[in-house]
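# Notes for the structure review
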Amino acid sequence: MTATVSPRVTAPAIAQHKGSGTPLVMVTAYDAPTARCADAGGVDMILVGDSVAMVVLGYDDTLHVTIDDMAHHTGAVARTNPAALVVADLPWMSYHLGREETVANAARLVRAGATAVKLEGGRKRVDAVNAILDAEIPVMGHLGLTPQSVHRFGGFRVQGKTLDAAREIVDDAVALADAGVFAIVLECVPDAVARMVTDSVAVPTIGIGAGRHCDGQVLVYHDIVGFEDRVRPKFVRRYADLAGDAARAVERFADDVRAGRFPASGETYHAADNVTEALGLYGSVEHAPA
Ligand code: KIV
């Protein structure tokens, strides 16, 4: 399988992909194995999402990850050298305290291996977007259910359900696009709102829980492969049951150990005969093959 805009996907290539007719594909990854799988699957973009907090690190929301955490995970993904564009999330409070700190944090993610960064919010984040773009770092926007606003929203709730709320999201998207973001994630909004946004901006919209009227789709890796099986939002389509497969594999290993079937001779290092003889173990352990 090949990415639609690879090899070596760039942020400008993603921006120019709008209107090409083939939806863009983005998947999250947080470490080398998940990044290798995502890239082998032919995605256009890998997002080192701050969802790492919930999916990998066991937190209840994304507010607990720091720029150090994100740089750590971004480095692991980037070291696999994927053809896909590596986008890293700026975590909560890493772009809220002023221009200098925002740019320094975005630069940390680039030095860790990201080619672009993503931040949440619309018009009130345009200064942050401008500051990062001034430092020559491509920025992806994120509107709708922005998980870093979970407490303001009163939970992980679909956004843009009223006419006013829908218009706010469209205005935010236009402001981000005017500022120069190369793409905008739309999370958990009604499909009509996603359509309005997609038709209103010249950069691609990447939906998650936003229906089909987007220029691309993103899902969390652990949801796609069935590693995250505790919650399943309506918009998740699961393509494998890796959590079940993994549990069954570990169960078989435990059974083999307890029944004395593991390790077998072929899974064991054997000493040479003269060594086992000198150890006084000749005949009571297996021999090395001649
Ligand atoms: O962190 C993340 O996984 C995200 C996606 C939901 C878009 O931001």
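Residues numbered from 1 in each chain as written. Predicted model: local features only at pLDDT ≥ 70, side-chain atom pairs only at ≥ 80, totals over all residues. Heavy atoms only, no water.

## Some details on the packing of helix α4 (residues 67-78) against helix α5 (residues 99-112)
For the pair α4 and α5, the least separation of the axes is 8 Å and the interaxial angle reads 25°. Between α4 and α5, the interaxial angle falls into the category roughly parallel. Regarding α4 and α5, the two cross each other, and that crossing is right-handed. Contacts between α4 and α5 involve Ile67, Asp68, Met70, Ala71, Thr74, Gly75 and Ala78 from the former and Asn105, Arg108, Leu109 and Ala112 from the latter. For the contact of α4 with α5, the class distribution of residues is six nonpolar, three polar and two charged. (Axes fitted to C-alpha atoms, helices over the stretch in contact; angles between N-to-C directions. Helix = DSSP H or I, 4+ residues; strand = E, 2+ residues; numbered from the N terminus. Parallel < 35°, antiparallel > 145°, perpendicular 65-115°, else oblique. Left-handed = near helix turned anticlockwise from the far one by under 90°. Contact = heavy atoms within 4.5 Å. Nonpolar A, V, L, I, M, F, W, Y, C, P; charged D, E, K, R; others polar.)

## A short note on the site of the ligand
Taken together, Thr28, Leu47, Gly49, Asp50, Ser51, Asp89, Lys118, His142, Val185, Glu187, Ile208 and Val220 make up the full set of residues adjacent to the ligand. Contact distances for the ligand include 2.5 Å between an oxygen atom and a side-chain N or O atom of Ser51. Structurally, the ligand is housed in the largest pocket. (Near = heavy atom within 4 Å. Polar contact = N/O pair within 3.5 Å; in protein donor to acceptor, adjacent residues only side chain to side chain. 1 Å grid on protein atoms, 1.4 Å probe; cavity = no way out; pocket = protein on both sides within 12 Å on 5 of 7 lines; lining within 4 Å. Sits in = over half its atoms within 2 Å of the grid points.)

## Overview of the packing of helix α6 (residues 126-134) against helix α8 (residues 163-179)
It is at 10 Å that the axes of α6 and α8 come closest, and there the two elements cross at 20°. When the axes of α6 and α8 are compared, the pair comes out roughly parallel. Crossing hand, α6 versus α8: right-handed. Seen from α6, the contacting residues are Val126, Val129, Asn130 and Leu133; seen from α8, they are Ala175, Leu176 and Ala179. Here the residues of the contact of α6 with α8 sort into six nonpolar, one polar and no charged.

## Here we look at the side chain of Asp61
Tracing the backbone shows Asp61 in the loop between α3 (52-55) and α4. Judged by its relative accessible area of 9%, Asp61 is buried. A polar contact of 3.0 Å, which involves the side chain of Asp61, links it to the backbone nitrogen of Leu63. A distance of 3.0 Å separates polar atoms of two side chains, one belonging to Asp61 and the other to His64. (Buried < 20%, exposed > 50% of the residue type's maximum accessible area, 1.4 Å probe, protein only.)

## Here we look at helix α2 (residues 32-40)
Among the residues making up α2, those that are buried are Ala32, Thr34, Ala35 and Ala38. Here the buried residues of α2 occupy an arc of 165° about the axis, which is enough to place them on one side. Exposed side chains of α2 directed beyond 90 degrees from the buried face belong to Arg36 and Ala40. Turning to α2, the residues buried within the fold contact β1 (24-28), β2 (45-48), α4 and α10 (221-224). Directly after α2, the chain includes Gly42, whose backbone phi takes a positive value near 85°. (Arc of directions from axis to C-beta.)

## Quick word on the layout of surface pockets
By volume, the largest pocket amounts to about 930 Å³. Along the walls of the largest pocket sit 40 residues, with Glu187, Ile208, Asp223, Pro233 and Phe235 positioned nearest its centre. Every element with two or more residues in the lining of the largest pocket is listed here: β1, α3 and β6 (183-187). A breakdown of the residues in the lining of the largest pocket according to their chemical character gives 20 nonpolar, eight polar and 12 charged. (Points joined across faces, edges and corners; volume = space filled by probe spheres on them.)

## So, the nonpolar core
Counting 75 residues, the largest nonpolar core has Met45, Leu90, Leu109, Phe182 and Leu186 as the members making the most contacts within it. When near neighbours in sequence (up to four residues on either side) are disregarded, Phe182 contacts Ala11, Ile14, Ala15, Met45, Leu85, Val87, Ala116, Pro138, Val139, Met140, Val203 and Pro204. (Core = buried A, V, L, I, M, F, W, Y, C linked by side-chain atoms within 4.5 Å.)

## Quick notes on the pairing of strand β5 (residues 139-144)
Every other side chain in a regular strand lies on the same face of the sheet, so the side chains alternate between the two faces. Within β5, six of the six residues are buried, which leaves the element mostly enclosed by the surrounding structure. Here strand β4 (residues 116-118) pairs with β5 via two bridges, running parallel. Directly across from Lys118, in β5, lies its bridge partner Met140. Taken together, β4, α6 and β5 constitute a β-α-β crossover, and its handedness is right-handed. (Pairing = 2+ DSSP bridges. Right-handed = clockwise from strand over helix to strand, strands pointing away.)

Purely geometric stuff here, so don't read any function into it on its own.
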